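Letter by letter, the chains look like this.
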Amino acid sequence: MKRAKVHRMAAPSVAVVALMAFSNPAWAQQSTAQTAENPPQGKPSTDTGELEEIIVTGARAALGSAQAIKRNADQIVDSVQAEDIGKLPDANTIEALQRITGVQIQRRYGEGATDFDHRTQPAVTVRGLTQTLNLMDGRAVFSAAGSRSFDLEGIPPELLAGIDVYKNPPASMIEGGVGGAINLRTRLPFDAPDQIVSATVKGNYYDRADKFGGSASALYSDREQTGVGEMGFLLNAVYGKSDYRQDAILVGQQAAVPAGVIANAPSNAKVPLGLQIYDDNGDRERIGVAGAYQWRINSDLMVTSQVQYTKYKFDRTGAYYYPIDNSSTPAPTPGAAFTFGSDGYATSGSISNQIFEAGRFDQALDTDSTNATFNVSWATTSHLTMKFDAQYMKSRYDADRNGLVLSLHQKTGETGFTGPNQSIIDFDLRGDTPVWNVRNPALLTNVSNYTVPFIADSLTRNDADQTALAYDVDYDNSGSFFNRLRAGARYTDSNITLRGTWNGVCLYRNAADPSCSAPDGTPLPPLSQYPQLFKSGPSANFFDGRTLPGGVLYPEFLPGSGLWNSLGSTYALLGAQRKLSFSPADITTLNEKTVAGYVTADYETELIGMPVDGNVGVRLAQTKLTSTGTQFNANGTTQQIATDKSYLSPLPSFNIRFRPTDEFQIRGAYSKAITRPNFDQLSTNLTLNAANQINPLTGRPSASQGNPNLDPIKSDNYDLTAEWYFSSTGSLTAGLFYKETNGFIFGDNVVRTYDGRAYDTATSANAGGGSIKGFEVAYQQFFDFLPGLFSGLGFQANYTYAYSAVDFTTHDASGNPITTLRPLEKLSRHSYNLVGLYEKGPVSARLAWNWRGPYFDTTTGSGANGTMQYQKAYSTLDASVSVDLSRHVAVTVDAVNLTNSMSVTYIDTPGQPLQYTLNDRRFGISVRATY
């Protein structure tokens, strides 16, 4: 199935690159991206030599094709290639990206993914920046979540031929990514020489969830000569379903204990305010369909049309069990034994006055995107080629959320010191995994102890569409210093509508109250009146069965067809009312138009006998934004408002390559880049509070508003690389990079004038800048020189060092400036990949280790808002083995997270742990047939 004859020359050539991409009957991958505006490939070596017949197999071809793209590109790019149809090296699009130098990913809910509550924060960073441009076949794409990013985790990897990461994009590439660009490449019928029919069926097992999932994909592609030219058709379809379970233990922020409270405690002793558990489970569904049509009318004229449709559903059940009313004063149990770390934080002990609540906060996400494109390329003369490209993209983002709380409080106003049903927690954080329990477990499972104090609902209904038109010209000026001239223009018109609600209702024994204004002492509704609204927890063998083995109660919703209907029935049972419509304050409407043009020139010369080539260019991008919303006045009146914002961005770029030998080259690159603010940051909705409610610190009333006047984030990007290519699949490369950024967006308090009056306005602002610098090293090789079976061994390794420093100035409630210096979020200073490969005869295998060092994660969430929260070093080990049963049929087994890695976050210092998280190990088997 994998074998295909190609020819290897003494030095690489265009023919070799093309053969590597297209000779495989299974159509293993493509050598270049089929894009409308993708930067062209660099000039290959023109050396010739004796032809040598070799056998190209899937992994070798994938490595060779990715290496050829990197080597021959006229810019700095790294790639991941599919080893066969429907076979990226990893089972998840985001996870495949982690193998590239300089790329780091987030893992959530068992996969490479972003957190549900932070959908505008991408799961992928390139050299520390999440602000990357997402492309599909060279065209910009984004989802309707409210960010500028495409929902990469929703893309079935079976649709892709490869992924390219452009780290210092030239002027010819679409603007929009200070971190670079990620290009998803799909397949075209002319990429394969003949008809292809392929199908893959895969089954997965998720050990913590103890459930099965899987996927099925099929591809048909054909091309044939007709009386009016050659035509090609392709159809690719994918369906996949996966499950997950995520167990987490949270340790409350630790607070100082007065001297003498704990015997023999150090002078800096600190004790947790409480402990809790997160018990998450759910499933994902992915649907993808890609169709393509190509018509080569003659050698000078070709038409290409593509449509891609993706649908992603994510259903999450989130159960939480946590102490309520744990104030800033810790409550160590009198006489209990404690142990402490060297920095004074408790590592074991007991805490009292803990009264628990159980919360259920589920989410149902349903999103889809359609991307339709039409491209015409024609050579008007032997030197001049023109391209016209049209794109229409549409995206929908729907999310339903619920909330229901059970409490061991009986009345409002009770505290952990005054209420009944208090527990004592014993905890121990010293072993391989943390553990905590209560001394009175029967209290936590007694229905008569619980009340039902709160229910909530939330709706999100976002829509986005974009029309893009582009025109490019390419002039071959071979023989001159500027041997290639290119120019182009692009126009986009985007419409974005964001709609979101949040509605919470407090429940009392005799009434439901959205204002939650009942006085202290008001009785809460007993759970015993609603036996339908609880279930037993935690999940079986939660955190390996040592925490809360006596059980707890979780909230449960009434049965229904989907989250929203189930929630409606539960609301009715409790005598409360959901929010069923969007008010003006819930809606943001945006229209953005851009016009961009570029000019670039490729050059080629010699310097003291050494070939030198590269390109220089500039892109001008004009952005015009209109944000429409509502002004809410203190007297209850409203009025529609609209804000216009326009800016021009000049974006020069320069690339140079020195080639001292055919195998060795040195690159330098510089560019300017921008990332426009996320759509959800550009709302013009304005709330003016009463003018007589004065901030005593400033003498001004308050207001709140989004900020449609935000400027784009900007960066200056510098790269220097050295690259040695010693075989078609062997290379050693290293690079230095430096980015200077400004315009990062933070929440702020600023003074704005509305209707002639100055207000202290809570908003967002371009408040920060900084730098990212570091280096990357990568090595790959198949050891063909080894004897016998050992000649199938191969190895990949890469390492990235990245240092960041960002300073930003915001203002406190008094208007005083506060300057903060900190690293970028989500950026590990150190990260590396080690991948062992084997491919010989019908067998191929892969063992991949990914490691990233500790990093600054966030300052929000996990019950510790306002603190510096860090992620400890984290690693995963994945493996796969494939066997070709025949020329057409292959079987693959794979495993993800073999080491059952535990993710750990901490506050300020590793001695103050915050959250321990365990996810599934994933085991899979697939059968692929290709004819």
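- As annotated in an unreviewed UniProt entry, the protein chain carries the name TonB-dependent receptor and is attributed to Nitrospirillum amazonense.
- Here is the UniProt Subcellular location (unreviewed entry) comment for the protein chain, exactly as written: "Cell outer membrane".
- The Sequence similarities (unreviewed entry) comment attached to the protein chain in UniProt states, word for word, "Belongs to the TonB-dependent receptor family."

1. What to know about the overall build of the protein chain
Link 1 in the chain: Looking only at helices and strands, the protein chain has four helices and 50 strands in total.
Link 2 in the chain: The C-alpha radius of gyration of the protein chain comes to 29 Å, within 12% of the 30 Å expected for a compact globule of 931 residues.
Link 3 in the chain: A principal-axis box enclosing the C-alpha atoms of the protein chain has dimensions of 90 × 70 × 55 Å.
Link 4 in the chain: Counting the 931 residues in the protein chain, one finds 59% classified as buried.
Link 5 in the chain: Partitioning the contacts of the protein chain with sequence separation of at least 6, the portion at a separation of at least 24 is 73%.
Link 6 in the chain: When the accessible area of the protein chain is evaluated, it comes to approximately 35000 Å², of which 57% is carbon and sulfur surface.
Link 7 in the chain: For the protein chain, the separation between the mean place of its 76 positive charges and that of its 89 negative charges on side chains is 1 Å.

2. A few points about unusual backbone geometry
Link 1 in the chain: Cis rather than trans, the peptide bond between Gly537 and Pro538 has omega equal to -10°.
Link 2 in the chain: If you trace the backbone, Pro538 turns up in the loop between strand S29 (534–537) and strand S30 (552–555).
Link 3 in the chain: Backbone geometry at Arg127 places phi at a positive 55°, although glycine is not the residue there.
Link 4 in the chain: With a relative accessible area of 4%, Arg127 lands in the buried category.

3. A few points about the sheet that holds strand S8 (residues 133–136)
Link 1 in the chain: Strand order in the open sheet formed by five strands is S3-S10-S11-S8-S9, with mixed pairing between adjacent strands. Strands at the two margins of the open sheet, each flanked by one partner only, are strand S3 (77–81) and strand S9 (139–140).
Link 2 in the chain: As paired strands, strand S10 (residues 162–166) and strand S11 (residues 181–185) are joined by five bridges and run antiparallel to one another. Its bridge partner lying in S11, Val165 is registered against Ile182.
Link 3 in the chain: Running at roughly 160° to S3, helix H2 (residues 58–72) makes contact with S3, S10 and S11 of the sheet.

4. A short note on the state of the cysteines
Link 1 in the chain: Per the stated rule, a full pass over the model turns up one disulfide.
Link 2 in the chain: Between the sulfur atoms of Cys506 and its disulfide mate Cys516 the distance is 2.0 Å. The S-S bond linking Cys506 to Cys516 shows a torsion near 95°; that makes this disulfide right-handed. Linking Cys506 in strand S27 (residues 503–507) with Cys516 in the loop between strand S28 (512–513) and S29, this pair joins segments that are ten residues apart in sequence.

5. Here's the deal with the environment of Leu63
Link 1 in the chain: Its location among the elements puts Leu63 in helix H2.
Link 2 in the chain: If sequence neighbours within four positions are ignored, Leu63 has contacts with Gln780, Phe782, Gln796 and Leu837.

6. Here's the deal with the pattern of salt bridges
Link 1 in the chain: For the coordinates displayed, the defined rule picks out 48 salt bridges.
Link 2 in the chain: Among the ionic pairs, Asp366 bridges to Arg396, the shortest N-O distance being 3.2 Å. One end of the pair, Asp366, is in strand S21 (residues 363–379); the other, Arg396, is in strand S22 (residues 384–407), and 30 residues separate them in sequence.
Link 3 in the chain: Through salt bridges that share partners, Lys70, Asp78, Arg127, Lys167, Asp719 and Glu776 make up one connected network.

7. Notes on the pairing of strand S17 (residues 275–298)
Link 1 in the chain: With 22 bridges joining them, strand S14 (residues 229–251) and S17 adopt antiparallel strand pairing. By the bridge assignment for S17, Leu234 is matched with Ala292.
Link 2 in the chain: The pairing of S17 with strand S18 (residues 301–324) spans 21 bridges and is classified as antiparallel. Its bridge partner lying in S18, Asp279 is registered against Ala319.
Link 3 in the chain: In this antiparallel pair of consecutive strands, S17 and S18, the connection spans two residues.

8. Focus: the packing of aromatic side chains
Here the distance between the centres and the angle between the planes together describe a pair of aromatic rings.
Link 1 in the chain: For the structure on display, the rule yields 29 aromatic pairs.
Link 2 in the chain: With centroids separated by 4.8 Å and ring planes inclined at 80°, the aromatic side chains of Phe481 and Phe482 adopt a geometry described as edge-to-face.
Link 3 in the chain: Their ring planes at 15° and their centres at 5.7 Å tell us that Phe481 and Tyr603 sit as a pair that is stacked. Of the two residues, Phe481 sits in the loop between strand S25 (451–476) and strand S26 (482–499) while Tyr603 sits in strand S31 (residues 587–607), which places them 122 residues apart along the sequence.

9. Describing the nonpolar core
Link 1 in the chain: Ranked by internal contacts, the top residues of the largest apolar core, which has 51 residues, are Tyr321, Phe427, Trp436, Leu444 and Ile455.
Link 2 in the chain: For this core, the leading source of residues is strand S20 (residues 346–360), giving five residues.
Link 3 in the chain: Residues within four places of Phe427 in sequence aside, it is in contact with Pro272, Leu275, Phe338, Ala346, Thr347, Ser348, Gly349, Ser350, Ile351, Val435 and Trp436.
Link 4 in the chain: Of all hydrophobic cores here, the second largest spans 40 residues; its members include Val124, Ile496, Leu682 and Ile745.

10. Focus: the side chain of Thr412
Link 1 in the chain: Within the element layout of this structure, Thr412 appears in the loop between S22 and strand S23 (423–428).
Link 2 in the chain: Apart from residues no more than four positions distant in its own chain, Thr412 is found in contact with Tyr508, Pro519, Asp520, Gly521, Thr522 and Leu524.

11. Things to note about the confidence of the model for the protein chain
Link 1 in the chain: Averaged over every residue, the pLDDT of the protein chain is 90; the share at 70 or more is 92%.
Link 2 in the chain: Counting contacts from residues 1–57, a segment whose pLDDT is below 50, to residues more than four positions away or on other chains yields 181 contacts.

12. Let's talk about helix H4 (residues 563–574)
Link 1 in the chain: With twelve residues, H4 extends 17 Å between its outermost C-alpha atoms, agreeing within 8% with the 16 Å of an ideal straight helix rising 1.5 Å per residue.
Link 2 in the chain: For H4, the complete set of buried residues consists of Leu563, Trp564, Ser566, Leu567, Gly568, Thr570, Tyr571 and Leu574.
Link 3 in the chain: Buried residues along H4 sit against S21, S22, S25 and S27.
Link 4 in the chain: Trailing H4 by a residue or two, Gly575 shows a phi angle of about 70°, which is positive.

13. Description of the side chain of Gln781
Link 1 in the chain: For Gln781, the location among the structural elements is in strand S39 (residues 757–782).
Link 2 in the chain: On the accessibility criterion, Gln781 (15% relative accessible area) is buried.
Link 3 in the chain: Polar contacts involving the side chain of Gln781 include one to the side chain of Tyr779, which spans 2.5 Å.
Link 4 in the chain: Excluding residues that lie within four positions of it along the chain, Gln781 makes contacts with Phe726, Thr729, Gly730, Leu793, Gly794 and Phe795.

14. Concerning the pairing of strand S36 (residues 702–705)
Link 1 in the chain: Of the two faces of S36, only one is covered, namely that formed by Ala703 and Gln705; the face formed by Ser702 and Ser704 stays uncovered.
Link 2 in the chain: Sheet topology note: the strand S35 (residues 686–688)/S36 ladder contains three bridges and is antiparallel. Along S36, the bridge assignment pairs Thr687 with Ser704.
Link 3 in the chain: Bridge count for S36 against S39 is three bridges, and the pairing is parallel.

The rules we used
Residues numbered from 1 in each chain as written. Predicted model: local features only at pLDDT ≥ 70, side-chain atom pairs only at ≥ 80, totals over all residues. Heavy atoms only, no water. UniProt positions renumbered as here; feature names shortened; annotations may be inferred. Helix = DSSP H or I, 4+ residues; strand = E, 2+ residues; numbered from the N terminus. Rg over C-alpha atoms; globule rule 2.2 N^0.38 Å. Buried < 20%, exposed > 50% of the residue type's maximum accessible area, 1.4 Å probe, protein only. Contact = heavy atoms within 4.5 Å. Areas by Shrake-Rupley, 256 points an atom, 1.4 Å probe, with all protein chains shown as cover. Lys, Arg positive; Asp, Glu negative; His and termini not counted. Charge placed at Lys NZ, Arg CZ, Asp CG, Glu CD. Pairing = 2+ DSSP bridges. Axes fitted to C-alpha atoms, helices over the stretch in contact; angles between N-to-C directions. Disulfide = S-S within 2.5 Å. Salt bridge = Lys/Arg side-chain N within 4 Å of Asp/Glu carboxyl O. Phe/Tyr/Trp six-rings, centres within 6.5 Å; stacked < 30°, edge-to-face > 60°. Core = buried A, V, L, I, M, F, W, Y, C linked by side-chain atoms within 4.5 Å. pLDDT = per-residue confidence, 0-100. Expected span 1.5 Å × (residues − 1). Polar contact = N/O pair within 3.5 Å; in protein donor to acceptor, adjacent residues only side chain to side chain.

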